[in-house]
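The residues making up each chain are set out below.
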Amino acid sequence: MRLFLSYIWMYRRLLLIVLTPLLLLPVPLIIRTKEAECAYVLFVVAVFWLSEALPLSVTAFIPALMFPLFGILPSKAIASTYFKDFHLLLTGVICLATSIEKWNLHKRIALKMVMLVGTNPAWLMLGFMFSTGFLSMWLSNTSTAAMVMPIVEAVAQQIINAEAEVDAMQINSSDGIYNEVFELDENNTEMGTKCDPEKHVNGYGNGTVAIYNNGICMADEEHRGETCSQQEKEIPEVQSASQKIYRNKKDHMMCKAMCLCIAYSSTIGGLTTITGTSTNLIFAEQFQTRYPLSTEINFGTWFLLCIPITIILTILSWLWIQWLFLGFNFKEMFRCGKEKTERETASAKVILDEYRKLGSVSYQEIMTFILFLLMALLWFTRDPGFIPGWSALFPQYKGYATDSTAALLLGLLFFIVPAYPWKRKTSGKIRDSFDYAPLITWKEFQACMPWDIGILVGGGFALAEGCEVSGLSQWIGNKMTPLGSLPIWIIVLIACVIVTSVTEVASNPATITIFLPILAPLAEAISVNPLYILIPTTLCTSFAFLLPVANPPNAIVFSYGHLQVIDMVKAGLGINILGVLVVMLCISTWAIPMFSLNIYPSWAPTIVTTNSTVLVTTAFTTAMENYHI
């Protein structure tokens, strides 16, 4: 029996792949309608996406297979949905990200911003959070966390080692003799306190046991309450791979706090721009596809909407992590005119050393930064809303130029602008002759391009198109019409809580792709501006802070071995709650005048209602007036 269960567990994904379509097959066989057939495809895709029984991008091809077989959409029509304006925008953005990473512009920006903030541990964390958040606006959350974490690790290691040296000096000066035992202990500490990640097979360090060289050992449950001197007798000379040694609990908490601040700020920063995270891009493309007459969502309006959310949530997250792991010492945080502590001096030194390693600003960095500024400028000025943008220069082609047009224009320049205009580099030697080489090459672009995300998004577009053509979206909206009797803020809150919970166990792109085709018809059915529900839902889809597997940045920082799952759960639960509250604040205040959320827009379809539905809609309108929405 045990062997049988082990085989079942081994082939659980295969069983899920086979059984899911078979168990759901009665839906289209019994209910012989196009809506039921589309619902069958939707359920199969949703199960595969949530369970990741198949790779996400492979599952995305299922609508292209099933919709023609069920007669919902012809193969040519469904194929055209897999490549949209989104993919052109993503191409331009990845060109920028490739050049930034290739020429180390991201390191210069991050280190410079941290140097401006200061080296007090609390302010150092805030500096890392804002610099990481800024980079995440333009790069993927995953690459941002992966690039910044080595810098954070070097700073943390230097801080711990510097304090160990200071303690050794103080003890030697107080004893007046050479303390050989302490030196041995210090050497052991320096070997063990390095914050380098333990390279486990699965990339995680779940079994990390924190051992402190002085004070009480708090992390090892079996030895809780023992002093480290007692515990050191039981420790072999060579520490196991699942153990990390810290000088004290404070150092351990500092490493935890720094890791979490990078994971969370890389996710929060991505909210700010349309291109900052895949969920924003998926929302923008699906929204424009469903509501082609709408002009509300563009790069500028999204930035103005979300920059307050990013700033508020970053500061609240910093306060929460600081309180949870390090506590508040306002006297230390806000002291002025005093000499720096050894900890601050050490962190300042490592940051300055890392910055000096970059050397002077190179020509390639300057050109990348100029193209980056031009791309952002074109995005902001295309159609800002309050004044005519550059797209107004082509009135006969209104709506033709989008954010992807600017992204492609500047993206192509990365393949044109020479990287070495005066010298060429051959076999490691610089020769004084011109050699044309662009800022990035096609191979470098291919290595950075997330093709799987492009396919996944295409599958979402195909699924949404099938739901619309089959009438499933309309059917779902009509069934949800009774929700119109509830206050709108409750409907939004329920939607936010649901997607925040689901995205902890499913990927963010899969979650938003599943819920957008459901929530848009709901808004139409209850005569609410679709943006009122879709914007907060999109933002909350990124709030995957709870588990290491919920988000790639979480997994990256977790793999360094400082954190346990319970640490992420405690910290992430608070950030999730704060995130939902900040989004609700946004959608109830400054978002209303920005997008006229209290008015049902002309670009949204008018639903033909029955008498009962009219009564529900009237009740909903009255509720909106009572709540001053």
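Note that the structure is predicted; figures quoted are calculated from it, not measured. (Residues numbered from 1 in each chain as written. Predicted model: local features only at pLDDT ≥ 70, side-chain atom pairs only at ≥ 80, totals over all residues. Heavy atoms only, no water.)

**Q** Go over the overall build of the chain with me, naming the residues and quoting the values.
**A** Helices and strands together make up the secondary structure of the chain, namely 30 helices and 4 strands. With an accessible surface of roughly 29200 Å², the chain has 66% of that area assigned to carbon and sulfur atoms. (Helix = DSSP H or I, 4+ residues; strand = E, 2+ residues; numbered from the N terminus. Areas by Shrake-Rupley, 256 points an atom, 1.4 Å probe, with all protein chains shown as cover.)

**Q** Which residues make up empty space enclosed by the protein, and what values do they have?
**A** Considering all chains together, one arrives at 1 cavity of 30 Å³ or more under this definition. Lining the largest cavity we find Ile100, Leu105, Ile109, Phe134, Leu135, Trp138, Leu139 and Phe372. Broken down by secondary-structure element, the contributors of at least two residues to the lining of the largest cavity are α9 (105–117) and α10 (121–136). Class assignment of the residues belonging to the lining of the largest cavity gives a composition of 8 nonpolar, no polar and no charged. (1 Å grid on protein atoms, 1.4 Å probe; cavity = no way out; pocket = protein on both sides within 12 Å on 5 of 7 lines; lining within 4 Å. Points joined across faces, edges and corners; volume = space filled by probe spheres on them. Nonpolar A, V, L, I, M, F, W, Y, C, P; charged D, E, K, R; others polar.)

**Q** Before we move on, could you go through unusual backbone geometry and cite the residues and values that matter?
**A** The backbone of asparagine 104 sits at a positive phi, close to 60 degrees, despite the residue not being glycine. Structurally, the position occupied by asparagine 104 is in the loop between α8 (85–102) and α9. We classify asparagine 104 as partly exposed; its relative accessible area is 30%. Notably, serine 596 is not glycine yet its phi reads approximately 50 degrees, a positive angle. With respect to the helices and strands, serine 596 occurs in the loop between α29 (591–595) and α30 (611–626). Accessibility expressed as a relative area gives 36% for serine 596, which makes it partly exposed. (Buried < 20%, exposed > 50% of the residue type's maximum accessible area, 1.4 Å probe, protein only.)

**Q** Summarise the confidence of the model for the chain; cite the residues concerned and give the values.
**A** Of the residues in the chain, 74% have a pLDDT of 70 or more, and the chain-wide mean is 75. Across the chain, helix α26 (residues 530–541) holds the top mean pLDDT of 92, while helix α12 (residues 180–192) sits lowest at 37. Below a pLDDT of 50 lies the segment residues 177–209, which in the model reaches 66 contacts outside its immediate sequence neighbourhood of four places, other chains included. Every residue in residues 609–629 is under pLDDT 50, and counting partners more than four places away or in other chains gives 20 contacts. (pLDDT = per-residue confidence, 0-100. Contact = heavy atoms within 4.5 Å.)

**Q** Quick rundown of the packing of helix α24 (residues 488–502) against α26? Include the residues and the values.
**A** Angle between the axes and distance between the axes: these two values describe a pair of packed helices. For the pair α24 and α26, interaxial distance at closest approach is 9 Å and the crossing angle is 25 degrees. Judged on the interaxial angle alone, α26 and α24 are roughly parallel. Relative to α26, α24 is oriented so that their crossing is right-handed. Between α24 and α26, the residues in contact are Ile488, Ile491, Val492, Ala495, Cys496, Val499 and Thr500 and Tyr532, Ile533, Pro536, Thr537, Cys540 and Thr541, respectively. Broken down by class, the residue content of the contact of α24 with α26 amounts to 10 nonpolar, 3 polar and no charged. (Axes fitted to C-alpha atoms, helices over the stretch in contact; angles between N-to-C directions. Parallel < 35°, antiparallel > 145°, perpendicular 65-115°, else oblique. Left-handed = near helix turned anticlockwise from the far one by under 90°.)

**Q** Kindly report on helix α25 (residues 508–525), identifying the contributing residues and their values.
**A** Taking 1.5 Å per residue as the helical rise, α25 with its 18 residues ought to reach 26 Å, and the 26 Å between its terminal C-alpha atoms agrees with that figure. A large share of α25 lies buried, amounting to 18 of its 18 residues. (Expected span 1.5 Å × (residues − 1).)

**Q** Talk me through the packing of aromatic side chains; I want residue IDs and the actual numbers.
**A** Aromatic ring pairs: the centre-centre distance and the angle between the two ring planes describe each pair. Evaluation of the coordinates by the stated rule reveals 17 aromatic pairs. For the ring pair phenylalanine 287 and tyrosine 291, a centre distance of 5.1 Å and an interplane angle of 55 degrees mean the geometry is tilted. An aromatic cluster is built from Phe283, Phe287, Tyr291, Trp302 and Trp603, whose rings are joined through pairwise contacts. In this structure, arginine 108 packs its charged tip against the face of tyrosine 355, placed 5.4 Å from the ring centre. (Phe/Tyr/Trp six-rings, centres within 6.5 Å; stacked < 30°, edge-to-face > 60°. Lys NZ or Arg CZ within 6 Å of the ring centre and 35° of its normal.)

**Q** Please provide a residue-by-residue account of helix α20 (residues 403–414), values included.
**A** In a regular helix each residue adds 1.5 Å, so 12 residues correspond to 16 Å; α20 covers 17 Å between its end C-alpha atoms and thus fits that length. Considered for burial, the residues of α20 that qualify are Asp403, Ser404, Ala406, Ala407, Leu410, Gly411 and Phe414. For α20, the angular spread of the buried residues around the axis is 155 degrees, confining them to a single face. (Arc of directions from axis to C-beta.)

**Q** Tell me about the environment of valine 417, and name the residues and values.
**A** As for its placement among the helices and strands, valine 417 is situated in the loop between α20 and β3 (424–426). Once the C-alpha coordinates of valine 417 and glutamine 364 are considered, the two residues, 53 residues apart in sequence, prove to be 9.5 Å apart.

**Q** Would you mind going over the pattern of salt bridges in detail, with residue names and values included?
**A** In total, this model carries 5 salt bridges according to the counting rule given. Note that aspartate 567 and lysine 256 form a salt bridge whose closest N and O atoms lie 3.0 Å from each other. With aspartate 567 in helix α28 (residues 565–588) and lysine 256 in helix α14 (residues 249–270), the pair connects residues that are 311 residues apart, well separated along the chain. Lysine 256 gets classed as buried once you look at its relative accessible area, which sits at 7%. Taking the shortest distance from any N to any O, the salt bridge between glutamate 524 and arginine 290 comes out at 3.0 Å. Taken as a pair, glutamate 524 in helix α25 and arginine 290 in helix α15 (residues 278–290) lie far apart in primary sequence, 234 residues in all. (Salt bridge = Lys/Arg side-chain N within 4 Å of Asp/Glu carboxyl O.)

**Q** An account of the side chain of serine 265 is needed here, citing residue identities and associated values.
**A** Following the sequence through the fold, serine 265 ends up in helix α14. Side-chain polar atoms of serine 265 contact the backbone oxygen of cysteine 261, separated by 2.6 Å. (Polar contact = N/O pair within 3.5 Å; in protein donor to acceptor, adjacent residues only side chain to side chain.)

**Q** Quick rundown of the environment of isoleucine 78? Include the residues and the values.
**A** One can find isoleucine 78 in helix α7 (residues 75–80). Taking relative accessible area as the criterion, isoleucine 78 reaches 1% and is therefore assigned buried. C-alpha separation for the pair isoleucine 78 and phenylalanine 67, spaced 11 residues apart in sequence, amounts to 7.8 Å.

**Q** Lay out the side chain of threonine 368 in plain terms, naming residues and giving numbers.
**A** Here threonine 368 is to be found in helix α19 (residues 363–381). Once you skip the residues sitting within four places of it in the chain, threonine 368 turns out to touch Leu96, Ser99, Ile100, Trp103, Leu105, Phe414 and Leu439.

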